[in-house]
Structures are given as structure tokens and as C-alpha cells.
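Residue-level structural notes
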2 protein chains.
Amino acid sequence: MVAMEKKNKKQRKRWREKMNDDDDDDDEKVEDEEENEGKNINGGERQREHPFIVTEPGEVARGKKNGLDYLFHLYEQCREFLIRVQVIAKDRGEKCPTKVTNQVFRYAKKAGASYINKPKMRHYVHCYALHCLDEDVSNELRRVFKERGENVGAWRQACYKPLVAIVTRQGWDIDAIFNSHPRLSIWYVPTKLRQLSHSERNNAAIASTSVGINC
Amino acid sequence: MVAMEKKNKKQRKRWREKMNDDDDDDDEKVEDEEENEGKNINGGERQREHPFIVTEPGEVARGKKNGLDYLFHLYEQCREFLIRVQVIAKDRGEKCPTKVTNQVFRYAKKAGASYINKPKMRHYVHCYALHCLDEDVSNELRRVFKERGENVGAWRQACYKPLVAIVTRQGWDIDAIFNSHPRLSIWYVPTKLRQLSHSERNNAAIASTSVGINC
DNA sequence: GACACGGGCGACCAGCGGACGGTGAGCTA
DNA sequence: TAGCTCACCGTCCGCTGGTCGCCCGTGTC
């Protein structure tokens, strides 16, 4: 219990430093720089990260929670890990990944970023996509959902709608939208987002057909 | 034995028709259009294709052999199958392959092109690459190896050298070379070619270092 | 007909992208 | 402190990309 407290204080400290420090990655081997008590020295199993809560832009989560700026920062960190993996691969003349693959997650973990893992990152990709594609809309959604006291799951679900609206406006080609954005292009398009975009296209097609018939 | 004869006559006929017919793909369900004798009606197992021999450009292989123009044509057919798979995927709102994947090979087989298979196509990718990137050099190599009476294996091996020379001239980035060529970009870079390109880069680096020291 | 050569492609493998839901952290009363 | 909510991430799964070498078609004598 006490060990846990310390671990997570360290975690948030790292995050705040990052915000001030202008974002350069120096977090390999930073483990166990403070106290080494309890089951923290890899004696027990890894502690899970604090859950996310809906925060407004710029707001730091209080208590045993993490905020959404921190969530999005994780995506930027993954991008940096990918770039490093790419440099190594090119240097060795090996296949060079263009996406955040298992290999990148493995590299991140070895580099000490044990708080990054595949299921988590994949879970929130579409939320990050909205943040990338229309930060204003994303920010507004966060404010509204925070005010309403909604939980993270509800906010996550709600991210789909404005995203599909964007996709619709641009011709329903979600892959093209991801690929043409420099920070988004390294992430696989989530299946559900692809499906929603596609059924929205079908809806539009049917609607326009009906209009055609009616006129 | 007799069944085999007929089957392969049909095979070559298809290929010749293709050359005249200006290349449009109408070969789904062309199976069993002539005789239906023997074990050919899917009674037995699939017959393997005739082996390739080294032929000069334009030369049709004689006897129970296939020529290299036919080999390269197989790559064009795969490209057409990929394009069809892409159209279907886009239409259904599914992930859209950019490369010739297992899915494309499966589609080709279902469409009746049972003579296309993954190990074969992967085996000769670098030969096709040379054909795409410098047809003159490729043609000359074929003529020389035919004249010398070399077998296909020897010709295949020999394709690496001029290819690595091209890669070297363009900065050792084999992925960039493949990706920037419209017909080559759909093929995965063969591991061996990547390794050869990389060690050639290292050789060049060492050489230039030595020169630096000596001067 | 028998034999040797050589290459076509069936079948395998490590690891991939993708998904789910049981723990167990965390909050409230 | 007990109870109960909910989301983190260990772990699984259908396949993928990549490869090897067996089997047998083929030419020769």
C-alpha cells in the first residue's frame, strides 16, 4: 500500500517534469531513483496505472487518477519510441516499421516506460485522433463531459460521433485521413471507427437515393 | 501422364492468349473448358507447374518448361488480383491491403489462378525487381545466361548483383526504391536483397574510411 | 526404363494485429 | 471498513509474413 503510493507519486512527477522540460525523452533506466521499499524492486508484479478521468485541457488530475493531457502525451511518447526503433532498424538494414507495432511496445517497456502497453493505447486511439484532427472540438467535449461528471468510458464512446462527422465531411475515407496526418499516420485505424465510418457512408448513400426517388 | 500433357498445353495456351489479348483478366472459371479426362477434374491433387528455364525476352519456352516472360507476367497478374481485392475491401469498409498479402494469394486461387502461389512469387521477387528497374540489364542477363546454358537457379542468383549495383547508386535505400516504383511497391522487399544492400553500404563506408585514413 | 538433378510449392513457425473480460484499485458512505 | 463500480492490461486467438526442404517432374543415357 505504502509502496504503491510512492510509485505513483514518482509517475506523476515524471509527467509534470515532462511538461516543463520541453518534452525530451530521458526516461530510460529512471526506475528506482527514489526509495526502493516494499515489492517495488520487481519483487512482486507490476502495479497498474491510475485510471484516467475526464479532465479539461491543461488540468492535472488530482488524487489517484491520471488526466487526458497525460493520456495524449503517451501517444506522443509512443511516436518517439517508434522513431527510435526506426533509426535502429535502418541502421541495421532491417525492416523498418511505419506504425506503432508490437516491437515498439516491447522497446518502450525495455526502455523503462512500463506504463505504456498495447491494449491501453489501442483502446483510446480514436480519442487521440479527435484530439489531432480537431483540437477545439476535442477540448469542448472534454469540458462538457467533465462538467456532467461523466466517467472515462462515456467520454471515450462520445469521441466517435464528432470523429465520424469529420470523416463524413471528408468523403468517408478514414484511412486517407489517418495517413495524411503526420502524428496519426503511425496508428492503425481502429476497427470500430472504420465500421462506423462505413455505415455512415451507406446511410448517406441510401438517403441520397431516397431523395433521388422522391424528386 | 496424358492428363498432365493436356493440362499444361492449356496452361501455355492461356499465356499465349494473354499476350495477344492485351492482358485483360478473364480467367476466373476457365478451368475444364476443354477435355475433362483423367484426374484433372479435381479428382487427384493439383499438378505442379512446369519448371522455369532461362529464356531471352520474347522467347516462348519449348517442351515442358515455362519462360521468364511468363514468370514476370505472373507478377502483373498478382497486381491485378491485388487491385481487385482492394476494390472489394474499400467497398465493404474493411482494411485495404497495399501489398500482395496472403489474402491476395487466396483470392487468386479462388479465382482459378491456381498456378499462382506465395513461395514461388516470393522466390523470384528480386528478379522481377531487376526487370522493373532496368529492363535492359535484365534482358542482357537473360541472354547471357541462356547462351551459357545456365539453369534457373544460377540466373536467379545472378540477378542480385546488378540489383545491388542499382541500390548502391541510389543511396542503399532498397525500401525507398521499391516504394517509389508503381509496380514494385506492392511487393515486400526480400530479406536477402535487403541484407545484401546493407552489407554493400557497410563495405562502402569502410572503404571510404580507409581512404580517409590513407589521405 | 532407370537414374540424377533441381526447383515447385505444401506446410510449418514465430510473432503479428486485434480483442476481451477478471482482477483489483479506487471512491463513497 | 465494507461494498461496488469500472477500467487496466495479462493473455489469448486467427492469421500473417517468411521460409525450408520433400517430393516428384523432367531430361539424359
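Residues numbered from 1 in each chain as written. Chains lettered and ligands numbered in written order. Predicted model: local features only at pLDDT ≥ 70, side-chain atom pairs only at ≥ 80, totals over all residues. Heavy atoms only, no water.

Per an unreviewed UniProt entry, chain A goes by Floricaula/leafy-like transcription factor and derives from Lupinus albus. Looking at the Sequence similarities (unreviewed entry) heading of the UniProt record, one finds this comment for chain A: "Belongs to the FLO/LFY family." Under the UniProt heading Subcellular location (unreviewed entry), the note attached to chain A is "Nucleus". (UniProt positions renumbered as here; feature names shortened; annotations may be inferred.)

1. Some points on the protein's contact with DNA strand C
Surrounding DNA strand C, one finds 28 residues, the nearest of these being His50(A), Arg106(A), Arg46(B), Arg48(B) and Tyr124(B). Arg48(A) is positioned with one of its side-chain polar atoms (N or O) 2.7 Å from a base oxygen of DNA strand C. Here a phosphate oxygen of DNA strand C sits 2.6 Å away from a polar atom, N or O, in the side chain of Arg106(A). Those elements that provide at least two residues to the surface near DNA strand C are helix 3 (102–110) and helix 4 (118–123) of chain A together with helix 4 (118–123) and helix 7 (152–158) of chain B. Top element by residues in the surface near DNA strand C is helix 3 of chain A. It accounts for three residues. (Near = heavy atom within 4 Å. Polar contact = N/O pair within 3.5 Å; in protein donor to acceptor, adjacent residues only side chain to side chain. Helix = DSSP H or I, 4+ residues; strand = E, 2+ residues; numbered from the N terminus.)

2. Re helix 3 of chain A
Residue and element names in this part refer to chain A. Within the sequence span of helix 3, burial applies to Val104, Phe105 and Ala108. Seen end-on, helix 3 carries its buried residues on one side only, within an arc spanning 100 degrees. When the buried face of helix 3 is taken as reference, the exposed residues oriented beyond 90 degrees from it are Arg106 and Lys110. In this fold, the buried residues of helix 3 make contact with helix 2 (68–92) and helix 4. (Buried < 20%, exposed > 50% of the residue type's maximum accessible area, 1.4 Å probe, protein only. Arc of directions from axis to C-beta. Contact = heavy atoms within 4.5 Å.)

3. Remarks on the domain arrangement of chain A
Residue and element names in this part refer to chain A. For chain A, the domain assignment lists domain 1 (1–117) and domain 2 (124–215). Taken together, the contact between domain 1 and domain 2 spans 21 residues of the former and 21 residues of the latter. In this assembly, domain 1 packs against domain 2 so that about 2000 Å² is buried in total across both faces, 66% of it on carbon and sulfur atoms. Area buried by domain 1 at its contact with domain 2 is led by Val54, Phe72 and Tyr75, which between them contribute 35% of it. Linking domain 1 with domain 2 are four salt bridges, by the criterion used here. Here Lys146 makes a salt bridge to Glu56, at a shortest N to O gap of 3.5 Å. There are ten residue pairs in polar contact (both at pLDDT 80 or more) connecting domain 1 and domain 2. With nine residues, the single largest contributor to the side of domain 1 that touches domain 2 is helix 2. Tallied by class, residues from the side of domain 1 that touches domain 2 come to twelve nonpolar, three polar and six charged. (Domains from an automatic or database assignment. Buried area = accessible area lost by both parts, 1.4 Å probe. Salt bridge = Lys/Arg side-chain N within 4 Å of Asp/Glu carboxyl O. Nonpolar A, V, L, I, M, F, W, Y, C, P; charged D, E, K, R; others polar.)

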